[in-house]
Amino acid sequence: DAGVTQSPTHLIKTRGQHVTLRCSPISGHKSVSWYQQVLGQGPQFIFQYYEKEERGRGNFPDRFSARQFPNYSSELNVNALLLGDSALYLCASAYTDTQYFGPGTRLTVL
Amino acid sequence: AQRVTQPEKLLSVFKGAPVELKCNYSYSGSPELFWYVQYSRQRLQLLLRHISRESIKGFTADLNKGETSFHLKKPFAQEEDSAMYYCALSGSGANSKLTFGKGITLSVRP
């Protein structure tokens, strides 16, 4: 198993644009979570999905949304990008309560 | 509210020296505590979790509920231990978010 995979690896956008980030969990994992990691900080929780239902949402504006598909993969969408959205976006999957992380997508907003 | 505090940003030691990375937490209930490690150019990976009470790569961590601490220790540091270390907390169950500390850089000099 390749572990959690994320695409794309890097992304450059301009302010006001929209972005979609993708995540494929480890086979058999039904829970997917998204985190934002700004330089110099620990990851911050954005969303958690389990069996295609949202189970948790962090303190992020409504510009951030996500969904989980029947195959348990997930997308994170961010609308009306701001400079402050520049960060590493991490996806993690879990079978029980231990989360396994992907390599992340580095988003740069210019 | 759940919170994780890692009071130091950087710890630099010589090879063979003991290491203690501090972590304090705030949580009303019974938390699950984790240490994650990120080596250079690698993804965030689980080092150990308090519930398993294992020793991984010579590292141990004991949950002290009285002091609300989960410090990571290793008696003899190795150069390959140089990495970023994050303490994290979640509630119990499969669908709980992780709250991370800001992380600490461990540098082990030859």
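Cut-offs applied
Residues numbered from 1 in each chain as written. Chains lettered and ligands numbered in written order. Predicted model: local features only at pLDDT ≥ 70, side-chain atom pairs only at ≥ 80, totals over all residues. Heavy atoms only, no water. Disulfide = S-S within 2.5 Å. Helix = DSSP H or I, 4+ residues; strand = E, 2+ residues; numbered from the N terminus. Buried < 20%, exposed > 50% of the residue type's maximum accessible area, 1.4 Å probe, protein only. Pairing = 2+ DSSP bridges. Axes fitted to C-alpha atoms, helices over the stretch in contact; angles between N-to-C directions. Core = buried A, V, L, I, M, F, W, Y, C linked by side-chain atoms within 4.5 Å. Contact = heavy atoms within 4.5 Å. Buried area = accessible area lost by both parts, 1.4 Å probe. Salt bridge = Lys/Arg side-chain N within 4 Å of Asp/Glu carboxyl O. Polar contact = N/O pair within 3.5 Å; in protein donor to acceptor, adjacent residues only side chain to side chain. Phe/Tyr/Trp six-rings, centres within 6.5 Å; stacked < 30°, edge-to-face > 60°.

Undergrad: Quick one: what's the story with the state of the cysteines, residue by residue and with numbers?
TA: Applying the stated criterion to the full structure yields two disulfides over all chains. At a sulfur-sulfur separation of 1.8 Å, the disulfide partner of Cys23(A) is Cys91(A). Taking the torsion about the S-S bond as the criterion, the Cys23(A) to Cys91(A) disulfide, at about -60°, is left-handed. Here Cys23(A), found in strand β3 (residues 19-24), pairs with Cys91(A), found in strand β9 (residues 87-94); they are 68 residues apart in sequence, far enough to count as distant. We classify Cys23(A) as buried; its relative accessible area is 2%. The residue that forms a disulfide with Cys23(B) is Cys87(B), at a sulfur-sulfur distance of 2.0 Å. The disulfide joining Cys23(B) to Cys87(B) has a torsion of about -65° about its S-S bond and is therefore left-handed. Residue Cys23(B) is found in the loop between β3 (19-21) and β4 (24-26), and its partner Cys87(B) is found in strand β9 (residues 83-90); the two are separated by 64 residues along the sequence. Here Cys23(B) and Cys87(B) have matching classes, each one buried.

Undergrad: Before we move on, could you go through the pairing of β9(A) and cite the residues and values that matter?
TA: Residues and elements named next belong to chain A. Summarising burial for β9: eight of the eight residues are buried, a large majority. Sheet topology note: the strand β4 (residues 31-37)/β9 ladder contains seven bridges and is antiparallel. Note that in β9 the partner of Ser-33 across the bridge is Ala-92. Where β9 lies against strand β11 (residues 105-109), three bridges are found, and the strand directions are antiparallel. Looking across to β11, one finds that Ala-87 is bridged to Leu-107. Here β9 runs beside strand β10 (residues 99-101); their pairing, made up of three bridges, is antiparallel.

Undergrad: Give me the sheet that holds strand β7 (residues 64-68) of chain A: which residues, what numbers.
TA: Residues and elements named next belong to chain A. If you walk across this open sheet you meet the four strands as β1-β3-β8-β7, and the pairing is antiparallel. With partners counted over all chains shown, the strands left at the sheet margins are β1 (5-7) and β7, one partner each. Between one strand and the next, the sheet's axes are offset by a mean angle of 15°, whatever the strand orientation. Relative to strand β8 (residues 74-78), β7 is paired through five bridges, and the arrangement is antiparallel. For Gln-68, the partnering residue across the bridge sits in β8 and is Ser-74.

Undergrad: Let's hear about the nonpolar core: which residues, and what values?
TA: Core analysis: the biggest nonpolar cluster contains 25 residues, and Leu21(B), Trp35(B), Leu47(B), Leu48(B), Phe70(B), Leu72(B) and Tyr85(B) have the highest contact counts within it. Discounting chain neighbours no more than four positions away, the residues touching Tyr85(B) are Gln6(B), Leu21(B), Trp35(B), Tyr36(B), Val37(B), Leu47(B), Phe59(B), Leu72(B), Gly103(B), Ile104(B) and Leu106(B). With 22 residues, the next largest nonpolar core counts Cys23(A), Trp34(A), Phe47(A) and Leu76(A) among its residues.

Undergrad: Describe the interface of chain B and chain A, naming the residues involved and giving the relevant values.
TA: Contacts between chain B and chain A engage 17 residues on the former and 22 residues on the latter. Summed over both partners, the interface of chain B with chain A comes to about 1,700 Å²; 48% of that surface belongs to carbon and sulfur atoms. On the surface where chain B and chain A come into contact, there are zero salt bridges. Across the chain B-chain A interface, the total number found is six residue pairs in polar contact (both at pLDDT 80 or more).

Undergrad: Talk me through the packing of aromatic side chains; I want residue IDs and the actual numbers.
TA: Residues and elements named next belong to chain A. Scanning all chains against the criterion turns up 11 aromatic pairs over all chains. Ring centres of Tyr-35 and Phe-101 lie 5.5 Å apart, and the angle between their planes is 50°; on these two criteria the pair is classed as tilted. Here the residue Tyr-35 occupies a position in strand β4, and Phe-101 occupies one in strand β10, the gap between them amounting to 66 residues.

Undergrad: How would you explain the sheet that holds strand β8 (residues 72-74) of chain B if you had to name every residue and give the values?
TA: All names here are of chain B. One open sheet holds the three strands; their spatial order is β3-β8-β7, and the pairing between them is antiparallel. Because the sheet does not close on itself, it has two edges, and the strands there are β3 and β7 (60-61). Of the strand pairs in this sheet, β7 and β8 are connected by two bridges, and their pairing is antiparallel. The partner of Thr-60 across the bridge, within β8, is Lys-73.

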